[in-house]
Amino acid sequence: MKFLKIQNYNTLMKSIVLLLLCVVHVNAQVTLPSKQDGFWYKNRIANTKSIVIEAFFDPLCPDSRDSWPPLKLALQHYGSRLSLVVHPFPLPYHDNAFISSRAMHISNQLNTSATYRLLESFFDHQGRFYGNATFNLSRSSVVDKIARFTSNSIGNSHYAAVKVGFTDPKTDHATRISFKYGCVKGVYGAPFFFVNGFPLPDGGSPLDYKTWRDVIDPLISPEEQLRAENLNFFL
Ligand SMILES: *[C@@H]1O[C@H](CO)[C@@H](O)[C@H](O)[C@H]1NC(C)=O
Ligand SMILES: *[C@@H]1O[C@H](CO)[C@@H](O)[C@H](O)[C@H]1NC(C)=O
Ligand SMILES: *[C@@H]1O[C@H](CO)[C@@H](O)[C@H](O)[C@H]1NC(C)=O
């Protein structure tokens, strides 16, 4: 009798687990994007030997902003050994984060090499796009403000094209894909980093340069480390 009960219990648990798996499976049905998400830094696209950092940044998030200079230093230090791909991750509790993330997709479409310049411009002027600065503005005024800002950053001649970009469903879709990609990977804040596919602890808080060195140094051989040091010494 006891044995039977346990068996029933096991069967029940198995059914529950199966049911849960089905639910998870159904939820994971996102329209597959036609290409990988993200913007490669300096076009240093990863190869099989690269150490790959995936960074989820919200362009209007102060912690994302603060984490950028130390990461940039690390990229400079390790050179081509390190590849970075940035995914916009608009946090729902940051005003206009989705619009500014969409601006990154639009600018990437217009001029791939200007995307990081725009990201840095957002980081430098975040205060203009949330809180009191936009509290009483209509959505169309905010979009126009961000479109002007974007075209100033990537080149004024693009203003009309940027405005058109904001009416193109493809850029809306691309921004949703960025967000969903983060969700699929379990991202719940910004900045959020993965190294070679694995999440770094302290998701949602900025990492300083020393932490980056502590994370990356052990992944490369001592000879390579020395080469990186020397290279930077002579620069
Ligand atoms: C694209 O951006 C790069 C880097 O910011 C700039 O040098 C170049 O002139 C831009 N090209 C166009 C067509 O605007
Ligand atoms: C928004 O507009 C209301 C009504 O005009 C005004 O009282 C309020 O101070 C404004 N808020 C901000 C943050 O500008
Ligand atoms: C935002 O505006 C409101 C109303 O104008 C004001 O009371 C409040 O102090 C402002 N907040 C900040 C952070 O400036």
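About the criteria used
- Residues numbered from 1 in each chain as written.
- Chains lettered and ligands numbered in written order.
- Predicted model: local features only at pLDDT ≥ 70, side-chain atom pairs only at ≥ 80, totals over all residues.
- Heavy atoms only, no water.
- Helix = DSSP H or I, 4+ residues; strand = E, 2+ residues; numbered from the N terminus.
- Polar contact = N/O pair within 3.5 Å; in protein donor to acceptor, adjacent residues only side chain to side chain.
- Pairing = 2+ DSSP bridges.
- Buried < 20%, exposed > 50% of the residue type's maximum accessible area, 1.4 Å probe, protein only.
- Contact = heavy atoms within 4.5 Å.

**Student:** How do you make sense of the side chain of T134 when you look at a structure like this?
**Tutor:** Within the element layout of this structure, T134 appears in helix α5 (residues 132-135). Within polar-contact distance, the side chain of T134 engages the side chain of N96 at 3.2 Å.

**Student:** So what exactly am I meant to see when it comes to the sheet that holds strand β3 (residues 82-88) here?
**Tutor:** Remark on secondary structure: sheet strands pair via backbone hydrogen bonds, oriented parallel or antiparallel. One open sheet holds the five strands; their spatial order is β1-β3-β2-β4-β5, and the pairing between them is mixed. Edge positions in the sheet fall to β1 (39-40) and β5 (198-199), since each has one partner strand and no second. Of the pairings in the sheet, the one linking strand β2 (residues 51-57) to β3 comprises seven bridges and is parallel in character. Bridging from a neighbouring strand, I51 pairs with L82 of β3.

**Student:** Would you mind going over helix α4 (residues 115-124) with me for this structure?
**Tutor:** Residue pairs spaced three or four apart in an α-helix point in one direction, given the helix's 3.6 residues per turn. Burial analysis of α4 places seven of its ten residues in the buried class, the great majority of the element. All of the buried residues in α4 are T115, Y116, L118, L119, S121, F122 and F123. Packed against the buried residues of α4 are β1, β2, α2 (62-78), β3, α3 (97-110) and α6 (139-154).

**Student:** Sorry, what's going on with unusual backbone geometry here?
**Tutor:** As a rule of thumb, non-glycine residues mostly have phi less than zero, and peptide bonds are mostly trans rather than cis. Cis geometry marks the peptide bond from A190 to P191; its omega dihedral reads 0°. With respect to the helices, strands and loops of the structure, P191 is situated in the loop between α8 (169-184) and β4 (192-195). In this model, K42 sits at a positive phi of 50°, which is unusual for a non-glycine residue. Tracing the chain through its elements places K42 in the loop between β1 and β2.

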